[in-house]
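Descriptive analysis of the structure
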Amino acid sequence: MTDLPESTSLLERYAAHAGADAVGQLRQLATRLQGLRVVHVNSTRQGGGVAEILEKLVPLMRELGLDAQWEVIEGSKEFFSCTKSFHNALQGRAIAVPEPLLCEYEEVNAANAERLRPLLEEADVVFIHDPQPAPLLRFCPHRRGKWVWRCHIDLSRPHRPVWRYLRQFINGYDASVFSLAEFAQPMPHLVFLIPPSIDPLSEKNLPLPSEEVRRVFRDFGIDHRRPTLLQVSRFDHFKDPVGVIRAYKLATAFVPSLQLILAGGRAADDPEGDLVLKEVLAAAGDDPDIHVLSASHYSDRVINALQTGADIVLQKSIREGFGLTVTEAMWKSKPVIGGNTGGIRLQLFNHRTGFLVDTPEGAAMRIRYLLFNRQRIEQIGHNARELVRRNFLITRQLREYLTLMVALIHGAGDRIELG
Ligand code: UDP
């Protein structure tokens, strides 16, 4: 399925994973958008989820016949320190951003507009990603096309003064896009919801040779023949790693050969993460079957191998955004036991695609059920992969961007029949 020749088009390579129907729908939608000049603007070419998505979306749009481009704004150290404060404030921290930093924010946008104005004013559709380039619209008074603000962050509880300041730049857009209903804010224009997605062609999600999976387990001193639970997460209270250890300990009463892996790369400057890691190590004690992997970084292939080799994946968060680790594990046909919160609820349906739990006891009960009913592991894993294939691959995200553009350009009254 994945051994397609190098010359195969990107769309065909996606069809091999997402299904020919998914790619057929993209082609149909794109017939209404041929030659459309689309510009995406964000603030970095590398690093972070937004850049990762654009790296794939833009070439796919081009292959579909749109004239898509990706531009990056350039800024000073002060500019990025300002937008970092925005990021934290929008996610709920009470931070006052000093006036000189706000001036720098607007000046950097004005300077970038000088460079980008001809392109942006001529474009049919402009997607501005996150707060960094949001003021560009104000500096493009003769724009012809539709402007969309694409918000990738959780705006459910923003620090009000910062949101009030930013909103003045965003109100003039034609539409906003949020990832989940609970992340959205009321806006004076159309609001669309487009959930995140994973890329089946990335190193994190490609099928791996079983020898590689076994080698990764061996390298960490984990026995791949014994039943294994896994949680991949930053060491953060909201991910409840101590609750995962409690669930594992309860489950070992029924399955003594059980092993647990808690994997999470550590940011160098994250004192909170260090504190949580200490609590995790204390809770793990001297149990040789709890493997806490906390190096500074694990490659995508290593994370992939751990997810592929585990029997059951846990994501026992008590607060969560979308929960991409859940999606990644489901794509690898794993039953996931996840916290009953945020986007995890969009992915796990009890007994069908996984289990939602509120407590470590609940998680332990589901672990026991699955390990004593091996055929359920397989069935639920199969359903889980299918749910992701239909709803949470990048092809679905692209389909929604195309639909949004058809709606904005041709009017929402225009009916689109997808064969
Ligand atoms: N991740 C990783 N290495 C780690 C921990 C996490 O690559 O050590 C990845 C994980 O595979 C997922 C993302 O980071 O793709 C975390 O996204 P998620 O939505 O689950 O949680 P967040 O950290 O954004 O709250």
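Note that the structure is predicted; figures quoted are calculated from it, not measured. (Residues numbered from 1 in each chain as written. Predicted model: local features only at pLDDT ≥ 70, side-chain atom pairs only at ≥ 80, totals over all residues. Heavy atoms only, no water.)

Quick notes on the site of the ligand
Put simply, the rule reads: The near set for a molecule or strand comprises every residue that places at least one heavy atom within 4 Å of it. Two N or O atoms form a polar contact when they lie within 3.5 Å of each other; inside protein one atom must be a possible hydrogen donor and the other a possible acceptor, and for residues adjacent in sequence the pair counts only when both atoms belong to side chains. To be clear on the numbers: accessible area is Shrake-Rupley with a 1.4 Å probe, and residue cover counts the displayed protein chains and nothing else. We count a stretch as a helix when DSSP gives it H or I for four or more residues in a row; a strand needs E for two or more, and each element gets its number in order from the N terminus. All amino acids are sorted into three groups, where Ala, Val, Leu, Ile, Met, Phe, Trp, Tyr, Cys and Pro are nonpolar, Asp, Glu, Lys and Arg are charged, and the leftover types, Gly among them, are polar.
The environment of the ligand is made up of Lys204, Val232, Arg234, Lys239, Gly264, Gly265, Ile303, Glu320, Gly323, Leu324, Thr325 and Glu328. Measuring from an oxygen atom of the ligand, one finds a side-chain N or O atom of Arg234 at 2.8 Å. Lys239 is positioned with one of its side-chain polar atoms (N or O) 2.8 Å from an oxygen atom of the ligand. Taking 540 Å² as the accessible area of the ligand by itself, protein coverage stands at 74%. If one sorts the elements of the shell around the ligand by residue count, helix α11 (residues 324-331) sits on top with 3 residues. Considering only residue class, the shell around the ligand consists of 3 nonpolar, 4 polar and 5 charged.

Some thoughts on empty space enclosed by the protein
If you roll a probe as big as a water molecule over the atoms, it shows you where there is empty space left. Basically, it comes down to this: Cavity means a closed set of points on a 1 Å grid over the protein atoms alone, one where a 1.4 Å probe fits but cannot get out, pocket means an open set with protein on both sides within 12 Å along at least 5 of 7 lines, and lining means a residue has an atom within 4 Å of a point. Grid points are joined across faces, edges and corners, and a volume is the space filled by probe spheres set on the points.
In total, this model carries 1 cavity of 30 Å³ or more according to the counting rule given. Estimates place the volume of the largest cavity at around 30 Å³. Looking at the largest cavity, the residues that line it are Gln231, Ser233, Arg234, Phe235, Lys239, Pro241, Leu262 and Ala263. Here the lining of the largest cavity is built from residues that sort into 4 nonpolar, 2 polar and 2 charged.

A look at the sheet that holds strand β11 (residues 336-339)
To keep it simple, the criterion reads: Two strands are counted as paired when DSSP detects at least two bridges linking them. For helices, the fitted line uses only the C-alpha atoms of the stretch in contact; every axis is such a line through C-alpha atoms, and the angle between N-to-C directions lies from 0 to 180 degrees. Residue contacts are counted whenever heavy atoms from the two residues lie within 4.5 Å of one another.
Strands sit in the order β9-β8-β7-β10-β11-β12 across an open sheet of 6 strands; the sheet is parallel. Each having just a single partner strand, β9 (290-293) and β12 (354-357) make up the two edges of the open sheet. Within this sheet the neighbouring strands show an average axis-to-axis angle of 20 degrees, counted without direction. The pairing of strand β10 (residues 312-315) with β11 spans 3 bridges and is classified as parallel. Within the sheet, the bridge partner assigned to Val313 lies in β11 and is Val336. Against the sheet, helix α10 (residues 300-309) contacts β7 (228-232), β8 (259-263) and β9, and its axis sits at roughly 145 degrees relative to β7.

With respect to the packing of aromatic side chains
To keep it simple, the criterion reads: Geometry of aromatic contacts follows a simple scheme: Phe, Tyr and Trp rings, the Trp one being its six-membered ring, pair when their centres are within 6.5 Å, and the pair is stacked under 30 degrees between planes, edge-to-face over 60, tilted otherwise. Classification of residues uses two cut-offs on accessible area relative to the type maximum, computed with a 1.4 Å probe and protein chains only: under 20% is buried, over 50% is exposed, and between them is partly exposed.
Counted under the stated rule, the structure contains 14 aromatic pairs. Relative to Tyr105, the ring of Phe79 has its centre 5.9 Å away and its plane inclined at 15 degrees; by these criteria the two rings are stacked. With Phe79 in helix α4 (residues 77-90) and Tyr105 in helix α5 (residues 99-122), this residue pair connects regions lying 26 residues apart in the sequence. Across this residue pair, the class does not change: Phe79 and Tyr105 are buried. Pairing Phe355 with Tyr369 gives two aromatic rings, centres 6.1 Å apart and planes at 85 degrees, and the pair type is edge-to-face. Remark: Tyr369 occurs in helix α13 (residues 360-372) and Phe355 occurs in strand β12; sequence separation between them is 14 residues. With a relative accessible area of 26%, Tyr369 lands in the partly exposed category.

Observations concerning the environment of His159
Within the fold, His159 resides in the loop between β4 (146-150) and α6 (160-170). When the C-alpha atoms of His159 and Met365 are compared, they prove to be 39 Å apart, with 206 residues separating the residues in sequence. Leave out the neighbours within four places in its chain, and His159 touches Ala89, Gly92, Arg93, Ala94 and Ile95.

Some points on the pairing of β7
The buried count for β7 comes to 5 of 5 residues, which makes it a mostly enclosed element. Taking every second residue as pointing to the same face, both faces of β7 are buried, with Thr228, Leu230 and Val232 on one and Leu229 and Gln231 on the other. Relative to β10, β7 runs parallel, the two sharing 2 bridges. Residue Leu230 lies in a different strand from β10, and its bridge partner there is Val313.

Some points on helix α8 (residues 241-252)
Keep this limit in mind: Here a helix's expected span is defined as the number of its residues, less one, multiplied by 1.5 Å.
Between its first and last C-alpha atoms α8 spans 17 Å; for 12 residues at 1.5 Å apiece the expected length is 16 Å, and the two agree. Among the residues of α8, those classed as buried are Pro241, Gly243, Val244, Ile245, Ala247, Tyr248 and Ala251. The elements touched by buried residues of α8 are β7, β8, α9 (271-284), β9, β10 and α13.

Quick notes on the nonpolar core
Applied cut-off: In plain words, nonpolar cores are sets of buried Ala, Val, Leu, Ile, Met, Phe, Trp, Tyr and Cys residues tied together by side-chain atoms within 4.5 Å.
Counting 38 residues, the largest nonpolar core has Leu66, Leu402 and Met405 as its most contacted members. Sorting the residues of this core by element identifies α1 (10-18), α2 (20-30), α3 (49-63), β2 (67-72), β3 (125-129), β5 (175-178) and α15 (394-410) as the ones contributing at least two each. Here Leu66 is in contact with Ala30, Leu33, Gly35, Leu36, Val38, Met61, Leu402 and Met405, once residues within four sequence places are set aside. Leu90, Leu120, Ile153 and Leu155 belong to the second largest nonpolar core, which has 37 residues in total.

Notes on α4
Basically, it comes down to this: Directions pointing from the helix axis toward each C-beta atom define the arc.
For α4, built from 14 residues, the straight-helix expectation of 20 Å at 1.5 Å per residue is met to within 8% by its first-to-last C-alpha distance of 20 Å. Where α4 is concerned, the buried positions are Phe79, Cys82, Thr83, Ser85, Phe86, Ala89 and Leu90. The buried side chains of α4 occupy one side of the element, clustering within an arc of 150 degrees when seen end-on. Away from the buried face of α4 by more than 90 degrees, exposed residues Lys77 and Lys84 are located. As for α4, its buried residues are in contact with α5 and α6. Gly92 occupies a position one or two residues after α4 and carries a positive phi of about 115 degrees.

A few points about the side chain of Gln307
Relative to the elements of secondary structure, Gln307 occurs in helix α10. Of the polar contacts made by the side chain of Gln307, one reaches the side chain of Lys332; its length is 2.6 Å. Excluding residues that lie within four positions of it along the chain, Gln307 makes contacts with Lys204, Leu230, Val232, Thr325, Glu328, Ala329, Lys332 and Lys334.

A closer look at the packing of α8 against α9
Keep this limit in mind: By definition in this entry, angles of less than 35 degrees are roughly parallel, angles greater than 145 are roughly antiparallel, angles of 65 to 115 are roughly perpendicular, and the rest are oblique. Handedness of each helix crossing follows the sense of rotation of the near helix against the far helix: counterclockwise by less than a right angle gives left-handed, clockwise gives right-handed.
Their axes nearest at 9 Å, the elements α8 and α9 cross at an angle of 15 degrees. Viewed along their axes, α8 and α9 adopt a mutual orientation that is roughly parallel. Our pair here, α8 against α9, has a crossing hand that is right-handed. Between α8, through Pro241, Val242, Ile245 and Lys249, and α9, the contact on the second element is made entirely by Val276, Glu279, Val280, Ala283 and Ala284. Within the contact of α8 with α9, the residues separate by chemical class into 7 nonpolar, no polar and 2 charged.

Geometric values such as these leave the question of function open.
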